[in-house]
Amino acid sequence: MRLSQTLFGATFQNPVLLAAGTCGFGEELEDALDLPSLGGIVTKSVTLEPRGGNAPPRVVEVGNAMLNSVGLANPGLERVCSEKLPWMSEHLSGIQVFVSVAGHISDEYWRIVEGLESVGGFLGYELNLSCPNDTRLGGLPFALDPEALRGVVEGARRLTDRPLLVKLAPNVPDIGPVAEAAEEAGADGLTLVNTMPGLVIDVESRSAALGAGSGGLSGPALRAVGVHAVHRAQACTSIPLLGVGGITDVGDAVQYLLAGASLVQVGTATFADPRTAQRVGKGIARYGKKMGVEDIQDLIGAYHHGADRPVSVSGGPG
Ligand code: RRO
């Protein structure tokens, strides 16, 4: 099966990327997996100033999921420009790199985009508007408020011609209007979804299992939520979608493709097995061969949900 696609003016040799926050800037995983075999990577979110991150523990396992509150630990814009971008353009030139951008206010996002723009060496941006562990100053994450989201995306759009992805949150009543707002504001693609807010309480100490209190839930428990969000966004927008949440094997990735994602991202599963993403990429090719699918385009959005039946927002049959 033909796996390669041209999206955002670039070639993706296969549809599997590493998700933001699970692969640093690539360096840390260089020896653990074959990075050049991937479709691409999304970096850890970059903030204006360096961040040390939240108090430990930052990660706990919970059932079929993981809860994290890393707190945006990252080296900050200046070191990303002087150290990380040069390393990535030298070592990851064969794959597509998106830099994830985060901040408290719109102006921080714009200043980071301006700073990164002056260095270059990567394909595009993923605006992280949905971190559950770092809210917008005085409010909710941008992705929970379509009007706030619109403002930050429009401003970023004016600063760059590079592909602009917007990463959305799962904890909204209907992701459709949020996806529409991002597209109208100038997003070239949407990443669905970030982690789901959650809390684990230790019943002996009666305190939170995470140092920061609550956190973001990821892993297999989030998968059906992510697949539904992609399905819903596909019905409301016409820009490429990137599906993320709970992908651990080829079947999980294919669900996202069938729901309408052009690309998928592997996140939490990389912690258990750094080779998951490359395994999933090879698995999609095998699945295509077995099913007699010649081109990945024939899988994207090919979920049989009936042309005239409305998309269910609640997640029921649709
Ligand atoms: O760093 C984090 O705590 C974090 C981020 Br920026 C995010 O977008 N999602 C998440 O689950 N954790």
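Before any of the text, the structure's been laid out above.
Residues numbered from 1 in each chain as written. Predicted model: local features only at pLDDT ≥ 70, side-chain atom pairs only at ≥ 80, totals over all residues. Heavy atoms only, no water.

J.: I tried to follow the pattern of salt bridges on my own but got confused; where do I start?
T.: Side-chain pairs of opposite charge can arise where the charged atoms are in close proximity. Counted under the stated rule, the structure contains 12 salt bridges. In this structure, arginine 51 engages aspartate 134 in a salt bridge whose closest nitrogen and oxygen atoms are separated by 3.1 Å. Placement of arginine 51 in the loop between β4 (40-42) and β5 (59-62) and of aspartate 134 in the loop between β8 (124-128) and α3 (146-159) is noted, with a sequence separation of 83 residues between them. Among the residues examined, arginine 51 registers a relative accessible area of 22% and is labelled partly exposed. Aspartate 252 is paired through a salt bridge with arginine 223; the nearest N and O atoms lie 3.3 Å apart. Pair noted here: aspartate 252 is in helix α6 (residues 250-259) and arginine 223 is in helix α5 (residues 223-236), with a separation of 29 residues, a long-range link. By sharing partners, the salt bridges in this structure join Glu147, Arg150 and Glu184 into a single network. (Salt bridge = Lys/Arg side-chain N within 4 Å of Asp/Glu carboxyl O. Helix = DSSP H or I, 4+ residues; strand = E, 2+ residues; numbered from the N terminus. Buried < 20%, exposed > 50% of the residue type's maximum accessible area, 1.4 Å probe, protein only.)

J.: When you look at the sheet that holds strand β16 (residues 263-266) in this model, what are you seeing that I'm missing?
T.: What links the strands of a sheet is backbone hydrogen bonding, and the strands pair in either a parallel or an antiparallel sense. Read around the closed barrel, eight strands run β3-β4-β7-β8-β9-β10-β15-β16, paired in parallel fashion. When strand polarity is set aside, the average angle formed by the axes of neighbouring strands in this sheet is 25°. Pairing of strand β10 (residues 189-192) with strand β15 (residues 241-244) involves three bridges; the strand directions are parallel. Along β15, the bridge assignment pairs threonine 191 with leucine 242. Seen against the sheet, α3 touches β8 and β9 (164-168) and runs at an angle of roughly 160° to β9. Its contacts with the sheet put helix α4 (residues 175-184) on β9 and β10, and the angle it makes with β9 is roughly 160°. (Pairing = 2+ DSSP bridges. Axes fitted to C-alpha atoms, helices over the stretch in contact; angles between N-to-C directions. Contact = heavy atoms within 4.5 Å.)

J.: Looking at this structure, I do not really get the sheet that holds strand β14 (residues 215-218). What am I missing?
T.: Taking strand neighbours across the sheet as the criterion, the four strands line up as β5-β6-β14-β11 in an open arrangement whose pairing is antiparallel. At either end of the open sheet lies a strand with only one pairing partner, and these are β5 and β11 (196-198). Neighbouring strand axes in the sheet, compared pairwise and without regard to direction, differ in orientation by 35° on average. Where β5 lies against strand β6 (residues 65-68), four bridges are found, and the strand directions are antiparallel.

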